[in-house]
Amino acid sequence: MIIGVGIDVVDIARFHETLERTPALLERLFTPEERGLGIASLAARFATKEALAKALGAPVGLHWTDARVVTNDDGKPSLEIGGSVQARANDLGVDSFHVSMSHDAGIASAIVIAEG
């Protein structure tokens, strides 16, 4: 059963400018494993985390680093969650997420489906 759906779009250049203007955001938004990626991949991961929050009802108190976007050897993305994100997923009865993300033509996008 689908519990929630979230979608988000990020302008990569604007996201890059924001990170340059506020470098502390990198640590607030991304796990250590994510921080070394290129700007387009970071923007896609940020879009994924925004879509995840929307799929969970956008509650106050989610910590960005309690969700990590990982890809398998074929490039398929998935989410590893813990802490505040795991607690919210448990409250809603979510037991899996479906993730799709992309970046092209200066835009990063993502969709997350929460299923339980």
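In the block above lies the structure referred to throughout.
This one's a predicted model, so the numbers in the text were calculated from it and none came from an experiment.

Chemist: How should the pairing of strand 3 (residues 77–81) be read in this particular structure?
Modeler: Side-chain positions along a regular strand alternate between the two faces of the sheet. One ladder, built from 5 bridges, connects strand 2 (residues 67–71) with strand 3; its direction is antiparallel. Within strand 3, the position partnered with Arg68 by the bridge is Glu80.

Chemist: Please clarify how the sheet that holds strand 5 (residues 107–115) should be interpreted in this entry.
Modeler: Hydrogen bonds between backbone groups are what pair the strands of a sheet, and the pairing can be parallel or antiparallel. Taken in spatial order, the 3 strands make up an open sheet running 1-5-4, and their pairing is antiparallel. Two strands lie at the open edges of the sheet, namely strand 1 (2–11) and strand 4 (96–104), each paired on one side alone. In this sheet, adjacent strand axes meet at a mean angle of 10° when their direction is disregarded.

Chemist: What am I meant to see in unusual backbone geometry here?
Modeler: Most peptide bonds are trans, and most residues other than glycine sit at a negative phi. Phi is positive for Ala58, close to 50°, though the residue is something other than glycine. The residue Ala58 is located in the loop between helix 4 (39–55) and strand 2 in this model.

Chemist: Teacher, can you tell me more about helix 1 (residues 12–21) here?
Modeler: What helix 1 keeps buried is the set Ile12, Phe15 and Leu19. Buried positions in helix 1, seen along its axis, are confined to an arc of 60° and lie on one side of it. Among the exposed residues of helix 1, those pointing more than 90 degrees away from its buried face are Arg14, Glu20 and Arg21. Among the residues of helix 1, the N-terminal cap falls to Asp11, whose side-chain oxygen and the backbone nitrogen of Ala13 are separated by 3.1 Å.

Chemist: In this structure, what is going on with the side chain of Thr48? I would like to understand it.
Modeler: Looking at where Thr48 falls in the secondary structure, it is placed in helix 4. Aside from chain neighbours lying at most four places away, what touches Thr48 is Val69, Leu79, Val99, Met101, Ala110 and Val112.

Chemist: Please clarify how the pattern of salt bridges should be interpreted in this entry.
Modeler: When the charged atoms of two side chains with opposite charge come close together, those side chains can pair. For the structure on display, the rule yields 3 salt bridges. A salt bridge links Asp8 to Lys54, with the nearest nitrogen and oxygen atoms 2.9 Å apart. You can see Asp8 sitting in strand 1 and its partner Lys54 sitting in helix 4, a full 46 residues away along the chain. Judged by relative accessible area, which is 38%, Lys54 ranks as partly exposed. A salt bridge links Glu80 to Arg68; its shortest N-O distance comes to 2.7 Å. You can see Glu80 sitting in strand 3 and its partner Arg68 sitting in strand 2, a full 12 residues away along the chain. On the basis of relative accessible area, Arg68 is assigned to the partly exposed category, the value being 21%.

Each value, and the rule that gives it
- Residues numbered from 1 in each chain as written.
- Predicted model: local features only at pLDDT ≥ 70, side-chain atom pairs only at ≥ 80, totals over all residues.
- Heavy atoms only, no water.
- Pairing = 2+ DSSP bridges.
- Helix = DSSP H or I, 4+ residues; strand = E, 2+ residues; numbered from the N terminus.
- Axes fitted to C-alpha atoms, helices over the stretch in contact; angles between N-to-C directions.
- Buried < 20%, exposed > 50% of the residue type's maximum accessible area, 1.4 Å probe, protein only.
- Arc of directions from axis to C-beta.
- Polar contact = N/O pair within 3.5 Å; in protein donor to acceptor, adjacent residues only side chain to side chain.
- Contact = heavy atoms within 4.5 Å.
- Salt bridge = Lys/Arg side-chain N within 4 Å of Asp/Glu carboxyl O.

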